[in-house]
Amino acid sequence: MRAAVYYETGGPGVFRYEEVDDPGVPDDGVLIDVEAISIEGGDTLSRAGGQLRTVPHVVGYQCAGTVIGVGPGAGELAVGDRVVTVGMDGSHAERRAASRSFCWPIPEELPTDVAACIPVAFGTAHDCLFEFGRLRAGETVLVQAGASGVGIAAVQMAHRAGARVLATASSDTKLERLRGLGLDEGINYARSDLISEVRRLTAGRGVDLVLESVGGAGLNAAVACLAYRGRCVSIGDAGRDGATSLDVGMLRPGNATLTGYYLGAELATGDRAHAMVADIITQVAAGNLTVVVDRRFPLAEAADAHAYIEDRRAFGRVLLVP
């Protein structure tokens, strides 16, 4: 099979489009012909400085396609089924092996490329808002990186839950597009101070919940935006600024809470998260939630696709197509 691989981490230019061995059919899952690859934020971070489990390395969390091989533990999945899959790596290729615990059937009415965008972004958003963030109707939530896959999902879900939704983005154009998905107030972080704007928009109170995906100094700013008993859920390092120290003493005066979240851990430790993602897929198929696809690139142009994301030009998901 052909795959976008690299031999060392670095900028998008490390990608090579080469022939590599097909993965085997896992005992507990399936092998698929990949039809659409959703580039996740973690994919770009892994390529920039993550671990190489193999050399050459095939990066990538999420993709969708058609089952061409099943292991004895694949359950009800069968050859010919369309599925969306998640894994630690391996999505940037023409074929991908995945465990049954990390596969979801695609409803007949849902396009494969749309399904390819759902589990990581929408599952993360849902868990951060409700399972870990305990969001309730009438509360105010701040969604960092609102134009990202997780951000677009979270804006919609929080709005549907009856929350007041604030979000950040790098341009007014992106914020205006988010208004059509449920955004109440937008903050252009390229020209406004986040903490000052949040305090202004909440009459000095702060927000009840922050979905914090920027990391670095952005984490400190997110905590400073919290109202009394506010909750901050940290989900990533999209700002690519590296680690920073957080004084946990910042949490005590307002009895605030900081939680880290990783969807993969939830999927690996029980059936709850898998069922949650399955329900979201059904909701997208029914038209209750919207997946936004920004651009599609051929798999051979993975370097250009990663660069496009890192230049912060995307609104929603960027796909690779084998």
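**Thoughts on the packing of aromatic side chains**
Here comes step 1: Here the structure, examined in full by the defined rule, presents 3 aromatic pairs.
Here comes step 2: Consider the rings of Y6 and F15, whose centres lie 5.7 Å apart with planes at 75°: the pair is edge-to-face.
Here comes step 3: On the basis of relative accessible area, Y6 is assigned to the buried category, the value being 0%.
Here comes step 4: With relative accessibility at 9%, the residue F15 sits in the buried group.
Here comes step 5: Ring centres of F297 and Y308 lie 5.9 Å apart, and the angle between their planes is 55°; on these two criteria the pair is classed as tilted. Taken as a pair, F297 in strand β15 (residues 293-298) and Y308 in helix α10 (residues 302-310) lie far apart in primary sequence, 11 residues in all. Just as F297 is buried, Y308 falls in that class too.
Here comes step 6: The ring of Y17 carries R2 above its face, with NZ or CZ at 4.6 Å from the centroid.
Here comes step 7: In this structure, R295 packs its charged tip against the face of Y308, placed 5.0 Å from the ring centre.

**Digging into the nonpolar core**
Here comes step 1: Counting 56 residues, the largest nonpolar core has L110, F122, L129, V141 and L178 as the members making the most contacts within it.
Here comes step 2: The next biggest cluster of nonpolar side chains, apart from the first, holds 26 residues, and it includes V14, V30, F297 and L320.

**Comments concerning the pairing of strand β3 (residues 29-38)**
Residues in a regular strand project their side chains so that they alternate between the two faces of the sheet.
Here comes step 1: Summarising burial for β3: 8 of the 10 residues are buried, a large majority.
Here comes step 2: As paired strands, β3 and strand β7 (residues 95-99) are joined by 5 bridges and run antiparallel to one another. Following the sheet pairing, V30 is matched in β7 by A98.
Here comes step 3: In the sheet, β3 pairs with strand β16 (residues 317-321) via 2 bridges, with the strands oriented antiparallel. Looking at the pairing, I37 lines up with L320 of β16.

**Section: the sheet that holds strand β4 (residues 57-58)**
Here comes step 1: Taken together, the 3 strands give an open sheet; going across it, the order is β2-β1-β4, and neighbouring strands pair in antiparallel fashion. Pairing within the sheet leaves two strands with one partner each, and these edge strands are β2 (16-19) and β4.

Reading guide: rules and limits
Residues numbered from 1 in each chain as written. Predicted model: local features only at pLDDT ≥ 70, side-chain atom pairs only at ≥ 80, totals over all residues. Heavy atoms only, no water. Phe/Tyr/Trp six-rings, centres within 6.5 Å; stacked < 30°, edge-to-face > 60°. Buried < 20%, exposed > 50% of the residue type's maximum accessible area, 1.4 Å probe, protein only. Helix = DSSP H or I, 4+ residues; strand = E, 2+ residues; numbered from the N terminus. Lys NZ or Arg CZ within 6 Å of the ring centre and 35° of its normal. Core = buried A, V, L, I, M, F, W, Y, C linked by side-chain atoms within 4.5 Å. Pairing = 2+ DSSP bridges.

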